[in-house]
Amino acid sequence: MSLRSALSGSWYVTIPVLAFLGWLVLRMLAVYDFVASAGADGPFIGRALVPGVVGLVVMGAVVLLFLVLFSELGEASPGPSPWPPEE
C-alpha cells in the first residue's frame, strides 16, 4: 500500500486522485476560514456557521472515501482471493 506501487500500477488514476485530494484540502481550509470569520451570530443568508460545518463534514467524508480508494490502488494484487480457499 505505498505510493510507489500505486503509481507503477495505475498512474493515470493515482495522479488525478492526488490532485483532487490536494484541491479538496485547500477548499476545506478556505471554508474553515469563512466559517471562522462568520462566527456563531452570522446571517442566515450567505456565510453562516451551520452550512459551513455541514460543508466541512461532507468534504471530510469525500476525502476519507478517496483515501480508501487510494489505499486500494496501492494493493499489489487487487483481485479477490480464490474460492474455496486452498489449504
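Conventions adopted
- Residues numbered from 1 in each chain as written.
- Predicted model: local features only at pLDDT ≥ 70, side-chain atom pairs only at ≥ 80, totals over all residues.
- Heavy atoms only, no water.
- Helix = DSSP H or I, 4+ residues; strand = E, 2+ residues; numbered from the N terminus.
- Buried < 20%, exposed > 50% of the residue type's maximum accessible area, 1.4 Å probe, protein only.
- Contact = heavy atoms within 4.5 Å.
- Areas by Shrake-Rupley, 256 points an atom, 1.4 Å probe, with all protein chains shown as cover.
- Phe/Tyr/Trp six-rings, centres within 6.5 Å; stacked < 30°, edge-to-face > 60°.
- Core = buried A, V, L, I, M, F, W, Y, C linked by side-chain atoms within 4.5 Å.

Asks: It is not clear to me how the overall build of the protein should be interpreted in this structure. Could you clarify?
Replies: What the protein contains, in helices and strands, is 2 helices and 0 strands. Sorting the 87 residues of the protein into buried and exposed places 20% on the buried side. Of the contacts formed within the protein by residues at least 6 apart in sequence, a portion of 67% connects residues at least 24 apart. Carbon and sulfur atoms provide 72% of the accessible area of the protein, an area that totals close to 6700 Å².

Asks: For this particular structure, what's the right way to read the environment of Val-50?
Replies: Mapping Val-50 onto the fold places it in helix H2 (residues 49-73). Assessed through its relative accessible area of 59%, Val-50 is described here as exposed. Considered as a pair, Val-50 and Val-35 are 15 residues apart in the sequence and their alpha carbons are 8.6 Å apart.

Asks: I keep staring at the packing of aromatic side chains and nothing clicks. Help me out?
Replies: Each pair of aromatic rings is reported with the distance of its centres and the angle of its planes. Inspection of the entire model under this criterion finds 2 aromatic pairs. A connected cluster of aromatic rings, assembled from ring pairs, spans Phe-20, Trp-23 and Phe-66.

Asks: Even after reading the chapter, I still don't get the nonpolar core, so can you show me in this structure?
Replies: For soluble globular proteins, nonpolar side chains are generally found buried alongside one another. In terms of nonpolar packing, the biggest core is built from 6 residues, these being Val-17, Leu-21, Leu-24, Leu-56, Met-59 and Val-63. Where this core is concerned, the elements lending two or more residues are helix H1 (3-38) and H2. Non-local contacts of Leu-21, meaning those with residues more than four positions away in its chain, are made with Val-63, Phe-66 and Leu-67.

Asks: Even after reading the chapter, I still don't get the environment of Leu-24, so can you show me in this structure?
Replies: Here Leu-24 shows up in helix H1. With 38 residues separating them in the primary sequence, Leu-24 and Val-62 have C-alpha atoms 8.7 Å apart.

Keep in mind that these numbers describe shape and distance, not what the molecule does.
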